[in-house]
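# Chains, contacts and geometry: an overview
The residues making up each chain are set out below.
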Amino acid sequence: MSVATQTQKPVAGPDAASGAVPAPAPGRTRRLGRALRPGPAPGANGAALYRRWWLPWLWTLPAIVCAAAFGVFPFLNTVVLSFTDAKPLGGAANFVGLSNYTRMLGDDDFWLATRNSLLYAVIVVPLMVLLPLLLAVLVEKRLPGIGFFRSAFYTPVIASSVVVGLSWQWLLKDEGLVNTWLEKAHLIRDAIPFLSDPWLILLSAMGLTLWKGLGWYMIFYLAALGNVPRDLHEAAAMDGAGPVRRFWHVTVPGVRQTMLLVGVLTGIGSLRVFTEIYMLGSPTGGPGGQARTLPFYIRDVGLDPLSGNAGYGAAVSVALFVLTLGLTLLAQRLTKGDEE
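In short, a report on the structure. As the structure is a prediction and not an experimental result, all values here were calculated from the model. (Residues numbered from 1 in each chain as written. Predicted model: local features only at pLDDT ≥ 70, side-chain atom pairs only at ≥ 80, totals over all residues. Heavy atoms only, no water.)

## Some points on the packing of helix H4 (residues 108-140) against helix H11 (residues 256-271)
At a closest axis distance of 8 Å, the pairing of H4 and H11 adopts a crossing angle of 145°. Note that H4 runs across H11; the crossing there is right-handed. Residues Ser-117, Leu-118, Tyr-120, Ala-121, Val-124, Val-125, Met-128, Val-129 and Leu-133 of H4 pack against Met-259, Val-262, Gly-263, Thr-266, Gly-267, Ser-270 and Leu-271 of H11. The class makeup of the residues in the contact of H4 with H11 is 11 nonpolar, five polar and no charged. (Axes fitted to C-alpha atoms, helices over the stretch in contact; angles between N-to-C directions. Helix = DSSP H or I, 4+ residues; strand = E, 2+ residues; numbered from the N terminus. Left-handed = near helix turned anticlockwise from the far one by under 90°. Contact = heavy atoms within 4.5 Å. Nonpolar A, V, L, I, M, F, W, Y, C, P; charged D, E, K, R; others polar.)

## What to know about the packing of aromatic side chains
Scanning the entire structure with this criterion turns up 11 aromatic pairs. With a centroid separation of 5.1 Å and 65° between ring planes, the pair formed by Phe-110 and Trp-111 is classed as edge-to-face. Look at Phe-110 and you get buried, because its relative accessible area is 6%. An aromatic cluster is built from Trp-216, Tyr-217 and Phe-220, whose rings are joined through pairwise contacts. Note that Arg-103 overlies the ring of Tyr-312, its terminal NZ or CZ placed 3.7 Å from the centroid. (Phe/Tyr/Trp six-rings, centres within 6.5 Å; stacked < 30°, edge-to-face > 60°. Buried < 20%, exposed > 50% of the residue type's maximum accessible area, 1.4 Å probe, protein only. Lys NZ or Arg CZ within 6 Å of the ring centre and 35° of its normal.)

## What about the side chain of Asn-309?
Inspection of the secondary structure assignment puts Asn-309 in the loop between helix H13 (294-302) and helix H14 (310-339). A relative accessible area of 14% means that Asn-309 is categorised as buried. Polar side-chain contacts of Asn-309 include one of 3.0 Å to the backbone nitrogen of Gly-311. (Polar contact = N/O pair within 3.5 Å; in protein donor to acceptor, adjacent residues only side chain to side chain.)

## Here we look at a nonpolar patch on the surface
Nonpolar side chains collect at one region of the surface, where Val-122, Ile-123, Leu-127, Leu-130, Leu-131, Leu-134, Leu-203, Val-244 and Trp-248 lie side by side and expose about 770 Å² of accessible area between them. Counting only elements with at least two residues in the nonpolar patch, the list comes to H4 and helix H10 (243-254). For the nonpolar patch, the element with the most residues is H4, which contributes six residues. Relative to the elements of secondary structure, Leu-131 occurs in helix H4. Its relative accessible area of 33% is what places Leu-131 among the partly exposed residues. (Patch = residues over 30% accessible without salt bridge, like charges linked within 9 Å, V, L, I, M, F, W, Y side chains within 5 Å. Areas by Shrake-Rupley, 256 points an atom, 1.4 Å probe, with all protein chains shown as cover. Salt bridge = Lys/Arg side-chain N within 4 Å of Asp/Glu carboxyl O.)

## Structural notes on unusual backbone geometry
Negative phi values dominate among residues other than glycine, just as trans dominates among peptide bonds. With a phi close to 60°, His-186 is a non-glycine residue in the positive phi region. Among the secondary structure elements, His-186 is positioned in the loop between helix H7 (177-184) and helix H8 (198-225). The phi dihedral of Ser-282 is positive, around 70°, even though this residue is not glycine. Along the chain, the position of Ser-282 falls in the loop between helix H12 (275-281) and H13.

## Some remarks on the pattern of salt bridges
Counted under the stated rule, the structure contains four salt bridges. A salt bridge links Arg-230 to Glu-140; the shortest N-O distance between them is 2.8 Å. One end of the pair, Arg-230, is in helix H9 (residues 230-238); the other, Glu-140, is in helix H4, with 90 residues separating them in the sequence. The residue Arg-299 makes a salt bridge to Asp-300 at a minimum N-O spacing of 2.6 Å. Of the residues examined, Asp-300 reaches a relative accessible area of 21% and is grouped as partly exposed. The network of salt bridges with common partners includes Asp-109, Arg-292, Arg-299 and Asp-300.

Worth remembering: the numbers are spatial, not functional.
Set out below in structure tokens:
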């Protein structure tokens, strides 16, 4: 038999039409390995040729881990603790349901601390929104030596809160500098009880908060004032508008978004104030604890090693979070209304 007449057997598996052997479909494991394996991404070009979808997440992974470990987990743990009778030093915790929240609603000390915190925010927030703006307008002008005043106004921001509190305590005590000066000026007969009257303790703490925060928010406004067009001021001046009218009708609308931001940040900080009350009102929060704010009250009821109830303190913390969230949502609503 000749070679030409020999019958050859067809190779198994080819396509009858094209003669090509179809490649087996990649399995799930192979597709996953191909996605994770370095190599050119489909449709990529240039610098993204060897970039995978998961590479950007590697840069944000440390921040995500830190946020989860120090933010999300403590928050969820606080919510869980609020339904228990856990103790500050640990031990067995029993589920008590809504008992802590029921106790909180009938607790006069809780409502007193809530009133003090809200009063703190109501007084401090408007002043902190307006006073740093006025300060920024004053130091915005380029004059000889203006850098010294900017640095002087910003110095309280970098000072330690404890050191500042001790300084104010020395100034405001009965035999302190303020009372001594007022007595020598024959403006008062008896020393003003700045550090023993609950209302004066709150007002003194508010003054400390304002003094320490003016320089910080002044920087915010200085950045915002740089974006206000000078043409608007010049046009208003040509129309006969004075400095006050230009401030209200040109400067304020130009920095309105920054004012809302400062209001939100100041409101959140006012609801969380603790150091000022502790330094000026002593560790008890004034006589009988009458000047305590919510963070101060949380410390007293939740962290006392002998009589504290961490579960009840966690419930008050959740209430403080809801109050802060409500303030933030209100500010967001005002921002949307302003944009519309």
